[in-house]
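Letter by letter, the chains look like this.
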Amino acid sequence: MGEARAASGTDPFRVLNWFERLAFRTMRFVNQGAGSRIAWLWQRFVITPLVGQLVSRRLRLHGREHLDALPRDVPVLLVANHRT
């Protein structure tokens, strides 16, 4: 990254406003820094159950009995048919 900065002659953050710099640093902390564990817990225990509750009423599953008949070591491709 230092070579790219030296080649362009400018600091990449210089073109961003204060809010964009704050958002970038926050997301880097959450995704790569010490906040990644907190973000994982939030995703696992808050967001995933919430989305599951909101979506579960709208899901329809057809043909599951065909999956039960397959051996466990056979690879399976599941495809969603989105209708709006």
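In the block above lies the structure referred to throughout.
(A) Summary view of the overall build of the protein. Across its full length, the protein carries four helices and zero strands. For the protein, the N- to C-terminal ordering of α and β elements is α-α-α-α. By the burial criterion, 2% of the 84 residues in the protein qualify as buried. With the model as given, the accessible surface of the protein reaches about 8500 Å², and the carbon-plus-sulfur share is 59%.

(B) Representation of the packing of aromatic side chains. Scanning all chains against the criterion turns up three aromatic pairs. Between W40 and F45, the ring centres sit 6.4 Å apart and the planes meet at 90°, which makes this aromatic pair edge-to-face. The exposure class of W40 is partly exposed, given its relative accessible area of 44%. With relative accessibility at 54%, the residue F45 sits in the exposed group. Directly above the ring of F45 sits R44, whose terminal nitrogen or CZ lies 5.1 Å from the centroid.

(C) Just the layout of surface pockets, in detail. Size it by volume and the largest pocket reaches roughly 540 Å³. What lines the largest pocket is a set of 15 residues, and nearest its centre among them are R60, L61, V79, A80 and N81. Of the residues assigned to the lining of the largest pocket, the class counts are six nonpolar, five polar and four charged.

The rules we used
Residues numbered from 1 in each chain as written. Predicted model: local features only at pLDDT ≥ 70, side-chain atom pairs only at ≥ 80, totals over all residues. Heavy atoms only, no water. Helix = DSSP H or I, 4+ residues; strand = E, 2+ residues; numbered from the N terminus. Buried < 20%, exposed > 50% of the residue type's maximum accessible area, 1.4 Å probe, protein only. Areas by Shrake-Rupley, 256 points an atom, 1.4 Å probe, with all protein chains shown as cover. Phe/Tyr/Trp six-rings, centres within 6.5 Å; stacked < 30°, edge-to-face > 60°. Lys NZ or Arg CZ within 6 Å of the ring centre and 35° of its normal. 1 Å grid on protein atoms, 1.4 Å probe; cavity = no way out; pocket = protein on both sides within 12 Å on 5 of 7 lines; lining within 4 Å. Points joined across faces, edges and corners; volume = space filled by probe spheres on them. Nonpolar A, V, L, I, M, F, W, Y, C, P; charged D, E, K, R; others polar.

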